[in-house]
Every structure is written in structure tokens, then in C-alpha cells.
Amino acid sequence: MSLLSSYNPKPHVVLFPFMSKGHTIPLLQLARLLLCRGCALTLFTTPENRPYIVQSLSGDDITIIDLPFPGNIPGIPPGIESTDKLPSMSLFFSFARATKLMQPYFEGALQKIPHVTCIVSDLFLHWTVESAIKFGVQQLGFDGMSNYVNSINRDAVINGLLSLHESADEPFTLSSFPWIKLTRNDFDYPFNQRHPSGPLFDFIMEMGIALSKSYGLLVNSFYELEPLYVEYWNRESKAKAFCVGPLCMARPPKMEPVLHQECRWIKWLDQKLAKKKPVLYVAFGSQAEISSTQLTEIARGLEESKVSFLWVVRKSGRELGDEFEDRIKERGIIVKEWVDQKRILEHEIVQGFLSHCGWNSVLESISAEVPILAWPMMAEQPLNAKMVVEEIKIGLRVETVNGSGNKFVQAESFKNKVKELMEGEKGEEVRKKVKQVAGPVL
Ligand SMILES: O=c1ccn([C@@H]2O[C@H](COP(=O)(O)OP(=O)(O)O[C@H]3O[C@H](CO)[C@@H](O)[C@H](O)[C@H]3O)[C@@H](O)[C@H]2O)c(=O)[nH]1
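Below or above, wherever it landed, is the structure these notes cover. (Residues numbered from 1 in each chain as written. Predicted model: local features only at pLDDT ≥ 70, side-chain atom pairs only at ≥ 80, totals over all residues. Heavy atoms only, no water.)

Below, the discussion takes up the sheet that holds strand β3 (residues 62-66). The seven strands lie next to each other as β3-β2-β1-β4-β5-β8-β9, forming an open sheet whose pairing is parallel. The open sheet is flanked by β3 and β9 (240-243), the only strands paired with a single partner. Put simply, the sheet's adjacent strands are angled 25° from each other on average, direction ignored. Pairing analysis gives four bridges linking strand β1 (residues 12-16) to strand β4 (residues 118-122), with the strands arranged parallel. (Pairing = 2+ DSSP bridges. Helix = DSSP H or I, 4+ residues; strand = E, 2+ residues; numbered from the N terminus. Axes fitted to C-alpha atoms, helices over the stretch in contact; angles between N-to-C directions.)

Structure, rendered in C-alpha cells:
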């Protein structure tokens, strides 16, 4: 073969998503956009994640390469290669740190790919930046969070705001955004500590150092949603933010329409539409851990609200009691399978979303013009909830017992807030607002 015939004129992007649904899904959506724009792609994953990738992406211009996921990691059972399958989210850090053992395999494979234009990899895979430097290729980071959250984190850390007060409940004001008041409880471990330290802290610092060596940060957001925060980030940070979202607006995979017709929950939504009964969608992402006691409170709150609801329960559902489904069957449906969340949110009859405020869920809700009832649980979700409720005003928030440090919510708060969102004046206000906010992307 001549040199000329082996030369591929298409830009060739290497994508490496972190093995977590909330991180993989948006990068697969980005992959579809890049394919539509004529790029060739190589996507790295692991054997257990391959089927999910294959069902979401196909075509002549995409190569999928499996790298072995490290074995013998204490606490992580063999075959568990995605964070949503971990026996406990307390293993998240061990899982993320273990990925560094994939570096030699990644570099071995990279060596065989000619003409790589750039590498897009998750910040959790921070070691990929070193690989990119070795191969003389530009790398762009992806962290799946908003500019609002990235900017708040930066402002709080750089200005030492997290160590101001002894109590994690004591409010402080951000230096660059004085209208934002936070407490340390709004941050996840280790940043909810007055003097964060330890292996997880070191890991996050490594991510920061890697980002400073990146060409930039791809952000799943759009400028009009958070202009102040995009501008702040791009003024202050070496790695510039490129807003490429909302990625959920990317063309869905071809197989999805077939699935829709077969889903009992879509048929159920169609029936509610025929009866003009607005539905609240209830779902908490791919990895939230909810205790049985808390599930019971949600169930009672939903039942007593008398609102129609579709609830995706990631557990067996047995915790809800045998008669629960019978009692609510006129008004509610419980789904234990993986659903097409975007499709549900886009259903005309879905008019509210009780959400943990994972960033993908927030963007999917905005794109579908559905207001949110926010119940953040972990990671940056409390900050996303703050943005949803106080900054862009497209949602309400449930009340936790005993203030911000505790995430437990009683049935009464669920009931009252669900009614407020679906039937009250405040619900109407946020419903109007979300349509305005969605304007630029629709
Ligand atoms: O049955 C399901 C369940 C989930 N999803 C999709 O899975 C994604 C879930 O992402 P997200 O809403 O962001 O929640 P998490 O899975 O909790 O996401 C993690 O990753 C996000 C992006 O970094 C962070 O914002 C969250 O805090 C973190 O928990 C969304 O696209 C959903 O549409 C489905 O399609 N079907």
C-alpha cells in the first residue's frame, strides 16, 4: 500500500470515557456528533462495557478497543467494570484509582493508531494526559460537570473558603460570586472537611494538575445557560472550557425507536396523556444508594401527594412492601429496568422530575422543558441543585431533616413539594422558566 492510500484525511479522535454511566453516556453522545461531522473515532473501553458501547454506536468510522480492567483490586469483584455495578459507592475511589493500571495497555494500543488528531478523555482517567504528551498528541479533558460547579469549586478552594469556619453548617460567601452562599456541607468528601487531605484529595489534585496540561476542558453545557461562569472559568483557568452541550440533544442511536414502542411505561404515559393526567417522573440516576427507610418515605410521600408518577427504582422494589404497587396502580407505575430517560422526559404528559440532580439529568430535564424537584445526594449534586433552584430558577427543592448535612427527607416534605411542583403556583413559575431557559437549545 502506498503512503498516500493509507493516509486518512478525516480528523481522527480518540475517546476514552470513564466507566460510569453518567460519564460514558455524554461521551457517546459526543461521539455521535463527531461521526456526523465526518470524524473517524477510536473509542477505548473494557470488555464488560463493550456491549453497552456497541449498542449505542456503530458505523464504519468507529473502532472500539477493549483494554483489560485491572484485576485483584480489593473490594471490587471480578467482572465489575462500571461504577453503577459496584457493591457500594464507597469503592468508587478504589475503582477510579485502579484505572491507572490500564495505562501501559492504553499506550500499547495508541502506538498502533496512525494520525491521531486529539484525545478526549475523562478527568478521572487523568493519567491519559501523560500518555498524550508521550505521543505528542493534544488531549482535551471531560468531567461531565457544569461551568457553575467548576467555577464554584475553584473559587472556594483558591480563596481558602472551605477552612474559614469550624462548623460545616456555617455559611460563607463566594469571593467572585457574592450572591452565592454555601456551607461545607454543599461539598462532597473530602471538601466537606475543614482541611481536606488523604488519598482521595491527592487523586483530585492529580486531576487538577492533569487538566492544567490539557489543551482544554470539554463541558457538557451551553454558554447561554451560565455565561458568567463560562467567562470566569476562561479568565481564571489555563485549560479553557469549550461548551459542547447539551450533548443529550445529539441524534439518538438507531435502535431506540423500536424499544419505545415496546415499553410498557411509554404506553402507560400515553394512557395518562389520553386522560390528561400530568405525570411526575421520579429517578435518581445510575448510582445513587437509597436506604430502605428512605425508599419507604418517598413511597409514602408520592402516595399521599395523589399525583400520578412514574418511578424508576434501581433496587428490587421489595422494600416498598407487597401492597404498595397494588394501592397506587391507578396513579403510579414502578419500573425496575433501565429506561430511556430522555424519551420519558420528552413525553408530553411528563410535567415534573423528582431528581437527584446528576448533571445529565438536569440537562435532559431542561432540554425537555420539564421543571425539577431537587433532592441532591452526593458528588456535586448539592451544587447542581443550588443552580437549578437559585440560579436558573427552574426547580424547587425538598427539605431534608436537620439541615444541609443530612440528606434524609421525610414523606411529608416529598408530599408537599410534589404537590407544589405539579399543582402549585411556584410549580407554574418554574415550569414557565424552564421553557425560557431551554429556548437557546431547542
Ligand atoms: O434507567 C436509567 C437510568 C439513567 N439513565 C441515564 O443515565 C444518566 C445518569 O446520569 P446523571 O443524571 O448525571 O446521574 P449519575 O448517574 O448519578 O451521574 C454521575 O455523573 C454525573 C456527571 O458527571 C454527575 O453529575 C453525578 O453527580 C454523578 O452521580 C442520564 O443520562 C440518564 O438519562 C437512563 O437513561 N436510564
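That shown, we press on.
It is worth spelling out the environment of Ser 221 at this point. Considering the arrangement of structural elements, one finds Ser 221 in the loop between β8 (216-219) and α9 (227-236). Taking the relative accessible area as the measure of exposure, Ser 221 reaches 0% and is therefore buried. Taking C-alpha positions, Ser 221 is 7.7 Å from Leu 247, a pair spaced 26 residues apart along the chain. Ser 221 has contacts with Asn 147, Glu 226, Cys 243, Val 244, Gly 245, Pro 246 and Trp 359, leaving out every residue within four places of it along the chain. Among the polar contacts listed, one links the side chain of Ser 221 to the side chain of Glu 226, at a separation of 2.6 Å. (Buried < 20%, exposed > 50% of the residue type's maximum accessible area, 1.4 Å probe, protein only. Contact = heavy atoms within 4.5 Å. Polar contact = N/O pair within 3.5 Å; in protein donor to acceptor, adjacent residues only side chain to side chain.)

Right, let's talk about the sheet that holds strand β10 (residues 279-283) for a bit. If you trace the six strands from one edge of the open sheet to the other, you get β12-β11-β10-β13-β14-β15, paired in parallel fashion. At either margin of the open sheet sits one strand with a lone partner, and together these are β12 (332-335) and β15 (395-397). The sheet shows a mean angle of 20° between the axes of neighbouring strands, taken without regard to direction. Two strands pair when backbone bridges link them, and strand β14 (residues 372-374) and β15 are joined in this way by three bridges, in the parallel orientation. Among the inter-strand pairings, Ala 374 is bridged to a residue of β15, identified as Arg 397. Its contacts with the sheet put helix α11 (residues 264-274) on β10, β11 (308-312), β12 and β13 (350-355), and the angle it makes with β12 is roughly 165°.

On to the nonpolar core, then. Membership of the largest hydrophobic core comes to 39 residues, with the highest contact counts inside it found for Val 14, Phe 16, Phe 18, Phe 44, Phe 106 and Ile 119. Counting residues per element, this core draws most heavily on helix α4 (residues 92-98), which supplies five residues. Not counting residues up to four positions away in its chain, the partners in contact with Phe 44 are Val 14, Leu 15, Phe 16, Pro 17, Ile 65, Leu 67, Phe 106, Ala 109, Leu 110 and Ile 113. In terms of nonpolar packing, the next biggest core, distinct from the first, is built from 37 residues, Val 149, Phe 201, Phe 222 and Leu 225 among them. (Core = buried A, V, L, I, M, F, W, Y, C linked by side-chain atoms within 4.5 Å.)

Around the ligand, the structure places 21 residues, and the nearest of them are Ser 286, Val 339, Ser 361, Glu 364 and Glu 380. In this structure, an oxygen atom belonging to the ligand sits 2.9 Å away from a side-chain N or O atom of His 356. Protein chains shield 95% of the accessible area of the ligand, which is 690 Å² for the free molecule. Taken together, the elements giving at least two residues each to the shell around the ligand come down to α2 (21-36) and α15 (359-367). Looking at the shell around the ligand, the element that brings in the most residues is α15, giving four residues. (Near = heavy atom within 4 Å. Areas by Shrake-Rupley, 256 points an atom, 1.4 Å probe, with all protein chains shown as cover.)

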